[in-house]
Amino acid sequence: IMELADLIVVNKADGPLEQPAKLAQSQYVSALKLMRPRSPNWKPHVLLTSALNNKGIGEVWDAVTNFETIMLDT
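Notes on the structure follow. (Residues numbered from 1 in each chain as written. Predicted model: local features only at pLDDT ≥ 70, side-chain atom pairs only at ≥ 80, totals over all residues. Heavy atoms only, no water.)

### Focus on the overall build of the chain
Then step 1. A tally of regular secondary structure across the chain gives two helices and two strands.
Then step 2. Counting helices and strands in the order they occur from the N terminus, the chain gives β-α-β-α.
Then step 3. With the principal axes as the frame, the chain shows a C-alpha extent of 40 × 25 × 15 Å.
Then step 4. Taken over 74 residues, the chain has a buried fraction of 24%.
Then step 5. Counted over contacts in the chain with a minimum sequence separation of 6, partners at least 24 positions apart contribute 65%.
Then step 6. Split by element, the accessible area of the chain, about 5500 Å² in all, is 58% carbon and sulfur. (Helix = DSSP H or I, 4+ residues; strand = E, 2+ residues; numbered from the N terminus. Buried < 20%, exposed > 50% of the residue type's maximum accessible area, 1.4 Å probe, protein only. Contact = heavy atoms within 4.5 Å. Areas by Shrake-Rupley, 256 points an atom, 1.4 Å probe, with all protein chains shown as cover.)

Rendered as structure tokens:
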């Protein structure tokens, strides 16, 4: 599954789970460095969100629309 990821979203980055979510983000970033991107025009992103606090949702949507734009243009 990791080979197919264009965007990874780590949710529940709030309260006592904020630090573990940041650790998960860091580990995903490290893992992605070992994999070859599917496209030379896009580097996979790893974003943190908190649905509870409505944090990071806009950034996820921006990444999705940016990915779509780049892929359609190239």
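Back to the text.
### Some details on the pairing of strand β1 (residues 7-10)
Then step 1. Residue alternation in β1 divides its side chains into a buried set, I8 and V10, and an unburied set, L7 and V9.
Then step 2. Across four bridges, β1 lies against strand β2 (residues 45-48) in parallel orientation. Counted as the bridge partner of I8 is V46 from β2.
Then step 3. For the crossover from β1 across helix α1 (residues 18-33) to β2, the handedness is right-handed. (Pairing = 2+ DSSP bridges. Right-handed = clockwise from strand over helix to strand, strands pointing away.)

### Here we look at the nonpolar core
Then step 1. Counting eight residues, the largest nonpolar core is built from A5, I8, V10, A13, A21, A24, L32 and V46.
Then step 2. For this core, the secondary structure elements donating two or more residues are β1 and α1.
Then step 3. When residues of this core are assigned to their parent elements, the largest contribution, three residues, is made by α1.
Then step 4. If near-sequence neighbours (up to four positions away) are discounted, V10 is found in contact with A21, A24, Q25, Y28, V46, L47, L48 and T49. (Core = buried A, V, L, I, M, F, W, Y, C linked by side-chain atoms within 4.5 Å.)

### Digging into the environment of L32
Then step 1. Among the secondary structure elements, L32 is positioned in helix α1.
Then step 2. For the pair L32 and V46, spaced 14 residues apart in sequence, the C-alpha separation works out to 9.2 Å.

### Brief notes about α1
Side chains of residues three or four places apart in an α-helix project in the same direction, reflecting 3.6 residues per turn.
Then step 1. Relative to the 22 Å expected for 16 residues at 1.5 Å per residue, α1 spans 23 Å between its end C-alpha atoms, a close match to the ideal helical length.
Then step 2. For α1, the complete set of buried residues consists of A21, A24 and L32. All buried residues of α1 project into a common sector of 70° when viewed along the axis, lining one side. Across α1 from its buried face, at more than 90 degrees, point the exposed residues Q19 and K33.
Then step 3. If you follow the buried residues of α1, they end up packed against β1 and β2. (Expected span 1.5 Å × (residues − 1). Arc of directions from axis to C-beta.)

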